[in-house]
Amino acid sequence: MEDLSVELLTAIGQRVHHNGLSSMVLVNRQFNQLFTPLLYNTVAIYDPIAAEKHTRTLSSDPATFAYGRDLPSLVNTFRIQFESYYAPPSLQWAQLADDLLVAVKRMSKLQHFALDVDHLCSPKLCTALVTAADPLLRSFAFRLEGDIPKYADGSEPSVLVDLRPILPQLTSISLRLSRWCDDDVEQVQPWLSFFEHVFTSRAEYLRSVKVNNWDLLAPLLSGTAAWPHLDELAVGKSGASFTEMPHAPNLRSLSMISNAVDEDLSDMSEVPRDAFPRLEALACPGEFLHFFFPQDGHVGRPVRVVRLDQALYDEDGGDGGFDGELDSGNMWELQYVVDCLLRSTGPVKELSLYVPWLDADDFWEVPDGPRLYSTLERLILLMAVDPSSDEAIASWGRKLFAHAPNLHTFVLSDGPYKATTQRGFYFAQNRVTQLGWLHEWDKHTNALKKVAFTTDFTWRKTESRWEELGSQTRSFRAGMTV
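Quick caveat: nothing in here was measured; it's all calculated off a predicted structure.

Asks: Explain the packing of aromatic side chains here, please?
Replies: Across all of its chains, the model carries 17 aromatic pairs by this definition. Measuring from ring centre to ring centre gives 6.4 Å for W441 and F453, while their planes differ by 40 degrees; the resulting arrangement is tilted. Note that W441 is positioned in helix α14 (residues 431-442) and F453 in the loop between β14 (450-452) and β15 (458-461), a separation of 12 residues in sequence. Residue class for W441 comes out buried when judged on its relative accessible area of 0%.

Rendered as structure tokens:
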């Protein structure tokens, strides 16, 4: 391999799993110099023990390494994400925080940063981040939760008071914020002032904003009239008034991260007629549909993708917060959904629904339903309990798929992954039953190419037959993912 060109070796390294890269950097000086930047370009850590190990490595003096490489200066994308309650009692939080702080201070080429762990996102760390990465930072994601933040490094919010970075490349912000009490002013206000500065100074350039606590953020945006380039917005309080949001004429994706059962809708205002004229993807509680597709039909939004009540299946990152315990209040009659979505000028091509229970005999017998089904390309149906009749499911070929000539992907599941509880689908392990449905459905459509009964049992159609794919696996890019 030493005779191969640098360009070819680099191309090989970009396609090697991080375990392979870890071995390749030990071969010789040439390989170390060539592959170490690839290994540390992306550092993604999802385990507390791995976080402790790798932050210790990143914070070490370059002189302690064989070839004296300053590893943090090679990092382009950095993420730590895990729940603190999974951490073993032996985890040294203070040491982890100190090592992380030292490493971040040296990440001079950092473009993307995400810290989704309680207590680690501290004022000191925030200051180190924007100081080291200010010229290049394109996105950051912070998690600040708990009634009163307690930082593992012992820092105080006062260090944020005069922090006013320029961040000329920043286009994406993601915040998970607690509903801090009003008497926590000393803890909260420095953070809010910092976020207000960032949102105000970058308003014209932001393309993605994700905030779980709209109540806390809304007052900070009073001086922001518009987000002219915002493409993606996710807000965490479904009761937020849309009139409080800056004007976003180019918004294409809107997600309302909330459980509608627990929300008070009294302060929910209708969507202004001129709001979101280019909206293409909508995720929201089912009862909000009529706000986006009013009955008078005078507002046309080109929505093509609709996800109701957290009905996720194969999105990156796992279950996406799907709650299999949502009660029957979240079961939306298909007639209501059809009536709303037919008002989209999209047309709607992808639809995800959550229903606690369905009567398979009559679920699809909805007036005007075929008009909606005729444009669907992907349909995801998640349920909390088994359908009422296997025989009725077999009839969906005639009732549904015959009216959906473009539908190539269909999912019938009890969650993003196969449920292990007693409420899980009994037919999710019955391959004979599944294959029988597929053959029956094929009598009415040639479009279906992928069908899944939970992620453990996925079928893909070849030229001659249906083949079982089995459990889906997650792919890795070159970089450190642990």
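Asks: Explain the packing of helix α5 (residues 93-105) against helix α6 (residues 123-133) to me, please; I cannot follow it from the model alone.
Replies: Axes are the key here: two packed helices are described by the angle between their axes and the distance separating the axes. In contact at an axis separation of 8 Å, α5 and α6 are set at 15 degrees when each is read in the N-to-C sense. With respect to α6, the element α5 is oriented roughly parallel. The way α5 lies across α6 gives a crossing that is left-handed. Of the residues in α6, those in contact with L100, L101, V104 and K105 of α5 are K124, L125, A128, L129 and A132. The residue makeup of the contact of α5 with α6, split by class, is 7 nonpolar, no polar and 2 charged.

Asks: What am I meant to see in the nonpolar core here?
Replies: Side chains of a nonpolar character, in soluble globular proteins, are inclined to be buried together. Residues F142, F199, F292, W396 and W441 are the most contacted members of the largest nonpolar core, which totals 134 residues. With sequence-adjacent residues up to four places away left out, F292 is seen in contact with F242, L254, M256, V271, F276, L279, L282 and R301. The next biggest cluster of nonpolar side chains, apart from the first, holds 5 residues, and it includes Y354, L382, V411 and A452.

Asks: When you look at the pattern of salt bridges in this model, what are you seeing that I'm missing?
Replies: Pairing is possible between side chains of opposite charge, provided their charged atoms come close. Under the definition given, this model contains 16 salt bridges. Ionic pairing is found between K399 and E365, a salt bridge with its closest N-O pair at 3.3 Å. In this pair, K399 sits in helix α13 (residues 396-399) while E365 sits in the loop between β11 (350-355) and α11 (369-373), placing the two residues 34 residues apart along the sequence. Residue E365 is classed as exposed on the basis of its relative accessible area, which comes to 52%. Linking K461 and D442 is a salt bridge whose minimum nitrogen-to-oxygen distance equals 3.3 Å.

Asks: Help me out: how do you make sense of the environment of W214 in this one?
Replies: Examined against the element boundaries, W214 turns out to sit in helix α8 (residues 214-217). Considering only alpha carbons, one finds W214 and L177, 37 residues apart in sequence, at a separation of 9.2 Å.

Asks: Please explain helix α4 (residues 48-59) as it appears in this structure.
Replies: Since the α-helix packs 3.6 residues into each turn, any two residues three or four apart lie on the same face. For α4, with 12 residues, the first-to-last C-alpha span of 16 Å sits near the 16 Å given by 1.5 Å per residue. Among the residues of α4, P48, A50, A51, E52, H54, T55, L58 and S59 are the ones counted as buried.

Asks: Explanation requested: the state of the cysteines in the structure shown.
Replies: Here is the idea: a disulfide is a covalent bond, and it sits between the sulfur atoms of two cysteines. Under the definition given, this model contains 0 disulfides. Free of any disulfide, C121 has its nearest neighbouring cysteine sulfur in C126, separated by 6.4 Å.

Asks: Mind showing me how you'd approach the pairing of strand β7 (residues 232-235) here?
Replies: In the case of a regular strand, side chains alternate between the two sheet surfaces. Looking at chain direction, strand β6 (residues 208-211) and β7 are connected through 4 bridges and run parallel. Across the sheet, V211 pairs through a bridge with V235, a residue of β7. As paired elements, β7 and strand β8 (residues 253-256) share 4 bridges and run parallel to each other. Bridge assignment links E232 to a residue of β8, and that residue is S253.

Asks: Looking at this model, I keep getting lost on the pairing of strand β1 (residues 42-45). Mind explaining?
Replies: The two faces of β1 match: T42 and A44 on one face and V43 and I45 on the other face are all buried. Here β1 runs beside strand β2 (residues 77-81); their pairing, made up of 4 bridges, is parallel. If you follow A44 over to β2, its bridge partner there is R79.

Asks: Honestly, the environment of Y40 in this entry has me stumped. Any pointers?
Replies: One can find Y40 in helix α3 (residues 29-41). By relative accessible area, Y40 is classed as buried at 11%. Distance in space between the C-alpha atoms of Y40 and S22 is 9.8 Å, their sequence separation being 18 residues.

Parameters and conventions
- Residues numbered from 1 in each chain as written.
- Predicted model: local features only at pLDDT ≥ 70, side-chain atom pairs only at ≥ 80, totals over all residues.
- Heavy atoms only, no water.
- Phe/Tyr/Trp six-rings, centres within 6.5 Å; stacked < 30°, edge-to-face > 60°.
- Helix = DSSP H or I, 4+ residues; strand = E, 2+ residues; numbered from the N terminus.
- Buried < 20%, exposed > 50% of the residue type's maximum accessible area, 1.4 Å probe, protein only.
- Axes fitted to C-alpha atoms, helices over the stretch in contact; angles between N-to-C directions.
- Parallel < 35°, antiparallel > 145°, perpendicular 65-115°, else oblique.
- Left-handed = near helix turned anticlockwise from the far one by under 90°.
- Contact = heavy atoms within 4.5 Å.
- Nonpolar A, V, L, I, M, F, W, Y, C, P; charged D, E, K, R; others polar.
- Core = buried A, V, L, I, M, F, W, Y, C linked by side-chain atoms within 4.5 Å.
- Salt bridge = Lys/Arg side-chain N within 4 Å of Asp/Glu carboxyl O.
- Expected span 1.5 Å × (residues − 1).
- Disulfide = S-S within 2.5 Å.
- Pairing = 2+ DSSP bridges.

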